Amino acid sequence: MSPPSSSGIYVSRGVALLLAGLTVALLLALVVLAALYGNCTLVQPSEQHIPGVKDTASTPPGGQEQARPTWTPEAALEPAVATTSQDWRPPSGPWNHSRLPPWLVPLHYDLELWPRLWPDNLSYTESVTFTGRVNITVLCTVATSRLLLHSFFLTYKQAEVWGPLALGTRNATVGRVPVDNVWFALDTQYMVLDLGQVLQPGSRYELHLGFSGQVLQCVSEGLFLNLYTDQGKLRGLIATQMEPTFARTVFPCFDEPALKATFNITIIHHPGYKALSNMPQLGQSERIDVNGSRWTVTTFHTTPRMPTYLVALAICDFDHVSRTERGKEIRIWARKDAVANGNVDFAMNATGPIFSFLEDLFNISYSLPKTDIIALPYFDNGAMENWGLLTFDESSLLLEPDDELTEERVRVLAVIAHEVGHQWFGNLVTMSWWNNIWLNEGLASYFELGIINYFYPKLPKNEIFFFNFLHDVLREDHFQRSGAVSTKVENFTETNEIKELFNIYTYNKGACMARMLDSFLSQDLFISALQSYLETFSYANAAQDDLWRHFQMAIDEQNIIQLPTTVKNIMDSWTYQGGFPVITLNVSTGVMKQEPFYLEKTENRTLVSHNNTWIVPIFWMKTGTTQPLVWLDRSSMVFPEMQLSDSDSDWLTLNFNVTGYYRVNYDELGWKKLNQQLEKDPKAIPAITRLQLVSDAFALSKNNYIEIETALDLTKYLAEEDEILVWFEVLVNLINRDVISDVNNYAIYPLLKKYLLKRINSIWNTCSTLIRKNVAALQDDYLALLSVEKVFETACWLGLEDCLQLSKELFRKWMADPEIAIPHPIQRVALCNGIALGTVKEWDFLFSFYINITKEKEERGSRLIPAMSCSKEPWILNRFMEYVVTVNPNPFNETNVIEAVAASEVGQYVAKDFLLNNWPAVSERYGPESVDVLVWIVGRTVSTDLQIMELLCFLGNVLDEHQKIAVHTKLQAIKTENLKNKKRIARMAEWLWKNT
Ligand SMILES: [Zn+2]
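Residues numbered from 1 in each chain as written. Predicted model: local features only at pLDDT ≥ 70, side-chain atom pairs only at ≥ 80, totals over all residues. Heavy atoms only, no water.

**Notes on the overall build of the protein**
The number of helices and strands found in the protein is 31 helices and 31 strands. Counting only residues that meet the buried cut, the protein has 57% of its 996 residues in that class. At a minimum sequence separation of 6, the contacts of the protein that also span at least 24 residues come to 74%. Within the structure as shown, the protein displays about 39,200 Å² of accessible surface, and the carbon and sulfur contribution to it stands at 52%. (Helix = DSSP H or I, 4+ residues; strand = E, 2+ residues; numbered from the N terminus. Buried < 20%, exposed > 50% of the residue type's maximum accessible area, 1.4 Å probe, protein only. Contact = heavy atoms within 4.5 Å. Areas by Shrake-Rupley, 256 points an atom, 1.4 Å probe, with all protein chains shown as cover.)

**Points about the packing of aromatic side chains**
This model, assessed by the stated rule, comprises 52 aromatic pairs. A centroid spacing of 5.0 Å and a plane angle of 80° characterise the contact between Trp 814 and Phe 849, whose relative ring orientation is edge-to-face. One end of the pair, Trp 814, is in helix H21 (residues 801-816); the other, Phe 849, is in helix H23 (residues 840-852), with 35 residues separating them in the sequence. Judged by its relative accessible area of 21%, Phe 849 falls in the partly exposed class. One Lys or Arg, Arg 99, reaches over the ring of Trp 433 and ends 3.6 Å from the middle of that ring. The aromatic ring of Trp 114 is capped on one face by Arg 116, whose charged end is 3.8 Å from the ring centroid. (Phe/Tyr/Trp six-rings, centres within 6.5 Å; stacked < 30°, edge-to-face > 60°. Lys NZ or Arg CZ within 6 Å of the ring centre and 35° of its normal.)

**A few points about the packing of helix H6 (residues 438-455) against helix H11 (residues 544-556)**
Put simply, H6 and H11 touch, their axes get as near as 10 Å, and they point 50° apart. Relative to H11, the element H6 lies oblique. Along its contact with H6, which presents Trp 438, Leu 439 and Leu 443, the element H11 presents Gln 544, Leu 547 and Trp 548. The residue inventory of the contact of H6 with H11, partitioned by class, reads five nonpolar, one polar and no charged. (Axes fitted to C-alpha atoms, helices over the stretch in contact; angles between N-to-C directions. Parallel < 35°, antiparallel > 145°, perpendicular 65-115°, else oblique. Nonpolar A, V, L, I, M, F, W, Y, C, P; charged D, E, K, R; others polar.)

**Things to note about the environment of Leu 652**
Following the sequence through the fold, Leu 652 ends up in strand E30 (residues 652-654). Between the alpha carbons of Leu 652 and Leu 674 there is a distance of 7.4 Å; along the sequence they are 22 residues apart. Sequence-distant contacts of Leu 652, defined by excluding residues within four places in its chain, comprise Leu 585, Trp 620, Met 621, Lys 622, Met 642, Leu 644, Tyr 666 and Leu 674.

**Comments concerning the sheet that holds strand E14 (residues 274-277)**
As summarised here, the arrangement of the four strands in space is E11-E12-E17-E14, forming an open sheet in which the pairing is antiparallel. Both edges of this open sheet fall to strand E11 (222-230) and E14, since each of them pairs with a single strand only. Across the sheet, the axes of successive neighbouring strands diverge by a mean angle of 15°, strand direction being ignored. (Pairing = 2+ DSSP bridges.)

**As for the coordination of the zinc ion**
Donor atoms from the polypeptide that bind the zinc ion are Met 1 (N), Met 1 (O), His 418 (NE2), His 422 (NE2) and Glu 441 (OE), placed at 1.9 to 2.6 Å. Donor residues for the zinc ion sit on one chain with the sequence pattern M-x416-H-x3-H-x18-E. One end of the pair, Met 1, is in the segment before helix H1 (13-22); the other, Glu 441, is in helix H6, and 440 residues separate them in sequence. Here the two residues Met 1 and Glu 441 agree in accessibility, since each one is buried. (Donors = N, O, S within 2.8 Å, 3.2 Å for Na, K, Ca; no water.)

**Describing helix H31 (residues 961-995)**
With 35 residues, H31 extends 50 Å from end C-alpha to end C-alpha; this agrees with the ideal 51 Å at 1.5 Å per step. When we look at burial in H31, the residues that qualify are Val 967, Leu 971, Lys 975, Asn 978, Asn 981, Arg 984, Ile 985, Met 988, Ala 989, Trp 991 and Leu 992. (Expected span 1.5 Å × (residues − 1).)

**Let's talk about the state of the cysteines**
Enumeration according to the criterion identifies two disulfides in this entry. There is a disulfide in this structure between Cys 832 and Cys 870, and the S-S distance comes to 1.9 Å. Sign of the S-S torsion, about -105° for the bond between Cys 832 and Cys 870, identifies this disulfide as left-handed. In this pair, Cys 832 sits in helix H22 (residues 824-837) while Cys 870 sits in the loop between helix H24 (857-868) and helix H25 (874-886), placing the two residues 38 residues apart along the sequence. (Disulfide = S-S within 2.5 Å.)

**Quick look at the packing of H25 against helix H27 (residues 907-917)**
Direction vectors running N to C along H25 and H27 enclose 45°, while the axes themselves pass 10 Å from each other. The angle between the axes of H25 and H27 places the two elements in the oblique class. Considering how the two elements wind past one another, H25 and H27 form a crossing that is right-handed. Along the contact surface, H25 presents Pro 874, Leu 877, Asn 878, Met 881, Glu 882 and Val 885, while H27 presents Gly 907, Val 910, Ala 911 and Phe 914. Residue classes in the contact of H25 with H27 are distributed as seven nonpolar, two polar and one charged. (Left-handed = near helix turned anticlockwise from the far one by under 90°.)

**Things to note about the sheet that holds strand E22 (residues 389-393)**
Strand order in the open sheet formed by five strands is E18-E19-E20-E22-E21, with mixed pairing between adjacent strands. Here the strands that pair on one side only, and so sit at the sheet edges, are strand E18 (319-325) and strand E21 (383-384). Running at roughly 150° to E22, helix H5 (residues 406-421) makes contact with E21 and E22 of the sheet.

**Quick look at the pattern of salt bridges**
Within the structure shown, the criterion is met by 39 salt bridges. For Glu 112, the salt bridge goes to Arg 287, with nearest N and O atoms at 3.2 Å. Placement of the pair is Glu 112 in strand E3 (residues 104-115) and Arg 287 in strand E15 (residues 281-288), with a sequence separation of 175 residues. Residue classification places Glu 112 among the buried positions, given a relative accessible area of 8%. Under the relative-accessibility criterion, Arg 287 is labelled partly exposed at 21%. Here Lys 716 and Asp 713 are joined by a salt bridge, their closest N and O atoms 3.9 Å apart. The partly exposed category is assigned to Lys 716, whose relative accessible area is 31%. (Salt bridge = Lys/Arg side-chain N within 4 Å of Asp/Glu carboxyl O.)

**Quick word on the nonpolar core**
The biggest cluster of nonpolar side chains holds 319 residues, and the ones touching the most others in it are Phe 251, Trp 424, Leu 654 and Phe 792. In terms of residue count, helix H9 (residues 504-521) provides more of this core than any other element does, ten residues in total. Filtering out sequence-adjacent residues up to four positions away, Leu 654 remains in contact with Ile 583, Leu 585, Met 592, Ile 618, Phe 619, Trp 620, Met 642, Val 664, Tyr 666 and Gln 692. (Core = buried A, V, L, I, M, F, W, Y, C linked by side-chain atoms within 4.5 Å.)

**Structural notes on the confidence of the model for the protein**
Per-chain confidence: the protein averages 85 in pLDDT, with 84% of residues scoring 70 or above. The low-confidence segment residues 51-86, where pLDDT is below 50, has 63 contacts with residues more than four positions distant or belonging to other chains. (pLDDT = per-residue confidence, 0-100.)

**Some details on helix H10 (residues 523-536)**
Counted at 1.5 Å a residue, the expected span for H10 with its 14 residues is 20 Å, and the 20 Å between its end C-alpha atoms agrees. In the core, the buried residues of H10 are packed alongside helix H4 (345-362), strand E23 (429-431), H6, H9, strand E24 (540-542) and H11.

**Points about unusual backbone geometry**
With an omega of 0°, the peptide bond between Gly 163 and Pro 164 qualifies as cis. Along the polypeptide, Pro 164 turns up in the loop between strand E6 (155-162) and strand E7 (176-177). A cis amide bond links Glu 243 to the next residue, Pro 244, at an omega of -5°. Among the secondary structure elements, Pro 244 is positioned in the loop between strand E12 (233-241) and strand E13 (262-269). A positive phi is found at Arg 326, a non-glycine position, where the angle reads about 50°. Along the chain, Arg 326 turns up in the loop between E18 and strand E19 (328-334).

**Details of the environment of Thr 689**
Of note, Thr 689 is situated in helix H15 (residues 687-702). Look at Thr 689 and you get buried, because its relative accessible area is 1%. In this structure the C-alpha to C-alpha distance between Thr 689 and Asn 657, which are 32 residues apart in sequence, comes to 6.6 Å. Among all residues touching Thr 689, those that are not within four sequence positions of it are Thr 653 and Phe 656.

See the structure below:
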């Protein structure tokens, strides 16, 4: 899957899962939820009696051949009959465990699914149901009279067990095993079949299950429906998302990644639709239902052995384009409008070469005969790598054909690269269990970088990795965090915990682990070890230790690269611990130490856990020359070669190219020498290192490892800094919400302004020239393009006259002809400044533009609403927020307008008053989450208990007791944070006063 997105609040089936997990009695609550959220939630049936299963009279004496019952799908829609009371609970047994008992191994699934989707009968309110049947061939490994498999939210009509099967012929059934009872363990999402006889080890059996379920409409889980407009008409499509554990909501199965099997998939669909699945189409036939309606039955070739989470299907009336790459067809499917408009062309041109690039790199051909890629109008998961049928949200795949910007292209390219990378890491070789999901996600993420570099060799590789992967995860990660990239635990008490593993650590930190390995093993060795790993575990499963073993084999076969210990020892120290180390070098003594990175370190904390160490590869540079790799494998070591004298002009930096996953600190002399060099000749220090110095210094100062003054000293030379990425990093750290959350803070604002205005001229001139002439000239350097925005925003925030003029100019031109868009990278800032400097005329113009555009939903939410919130007129902001709670239907359902208004300097006060005066209407519109927004907004400037009491007193009228307690706790936390910021800001102000 592509990385999780933090935006958007939806009521997921997680709510239902949680409730369903409690007790059968809570089914009532689910019914209430189902009523509230329509097709978002499903109801898991409690114990069911499956008609016929106890009808032993129909079972022939052992071994006697009998014709199998005829399957009548229509009948499956009849309601199942519950036979036990609602307070019935299963006794304790294997169904209480989160892992399936190893009694049966699935070998093959014959799966037929029939969603009742008609193109002429689409509706946002009517739910779509599906029926299905599956025959699962299993091998019995332990004698058992009880059969467990996963099933959730499915209703059953048929459950039979046949066998033992004659050897060598899957279909030669010799008898029927009586099924005495069928029931469901809701907490663990199992279906349990109590059998009337014992299954024999070494024998194969077939499970015949007939079931029905509901197609989801507002979340992309299991089998789900998209309703969308194409060629001016409402249309519907059905697609799937099985990862991690939703296959069990579509068909009963052994839903664990190591239980790989082959699949024959059949889809029954309206003749007006096309059906797609993992494999190419095998044939088509017709079926007529009880009402006389004709349906098309599409069958597909048998898949290779694969886990259930990769099963995929789609039913749609999309158009497609296709190419052949090395003899295999690649088709990209999208709305007819989008295909006609050329929106799939970029992806079409890129996908084939990505496949070839990775085939050559891993020296293993892509396993399937074809690839389909489908652009779904609404897909919560961004993108998913299903083998042979990749699903993408439109925003992750489609591009306007005239969109020349590298930024957009790199973004789409990276998502395609990630999902294609999974065809090897994940699909061909799958992790044995979810605790090693980083083997899929971390490696697929890391190879995005290689592909970006292949397509755009001029882009700075180290900087791209720094901003795309390292930057965000280093800001989040710390030693107290309980999780790690990997865990040794292979059991999870809650199925929901599996979904939580798809987080920034799995993706970003996983990619960082891969890059660090790549750096100390050398690229050739890294790739050849991966080749051998992929080859060995093709169509099978692997754990982290298997990967380490293949790296170790590669190391042992040569003698150029020497490691201080085994690859496993080195990497276990990184993947099984949360956080990362801070490496501190004393350049006078050459003593290097490591300690865990804590958020807001205190002395005590460091002493308590000091025995946690990492085995750290240190690439380093001395006075402009790269040095041989050294290893820090204890808490403290001496490196005499790293000593610097006070007199000469030497300097030294650790973690060259930032390939290591750690932060670096120096003693006073070490920092002083770096400062001296920056002021003398900044370019002697590579740009990536200047970026790293700023990033490390501010992060370390914020968390009490060094003084804030040490970080600020690094900014003195900025007038000479012409690398916009370094500027970006400085500005992100200097001008952020912590520092400027309160414009009343006169202590810092004028000083910061004066300090930066003295230094920003040169970089501003570069930026403004670019903006005035042609932003697209930066096309090949999309990172710089992104940084232009930050410099533009800062220059205007500082009140630089030229910047304000330029903003007005851009907005005026755009108003005169909105067809000519403001260049994308500066659009947000130009629109914001245009509104801030303008009058109600400009505001109304932007608002009507917002209401009338329909094309890019992203643009509507992410650019225009923040821009409208930039007004400095309180009445305009008030009117804006009033639209939200009074206009029907609400035109702003994509984002929270009040939050956007509160983010601006003037808006924070206006939004606070508005919220307090209109709370009932706001909470009705935005639901329970609006309490968080309320706290965030009203608490922004609290610094005393009295202020908190006043707020709570006021909120007393609108919040219930439970909410009040929660709000009080949050406000106290914000107060503590604000007070801490105040102290930090006071020290910054003092430093600025001395240095301005
Ligand atoms: Zn992924």
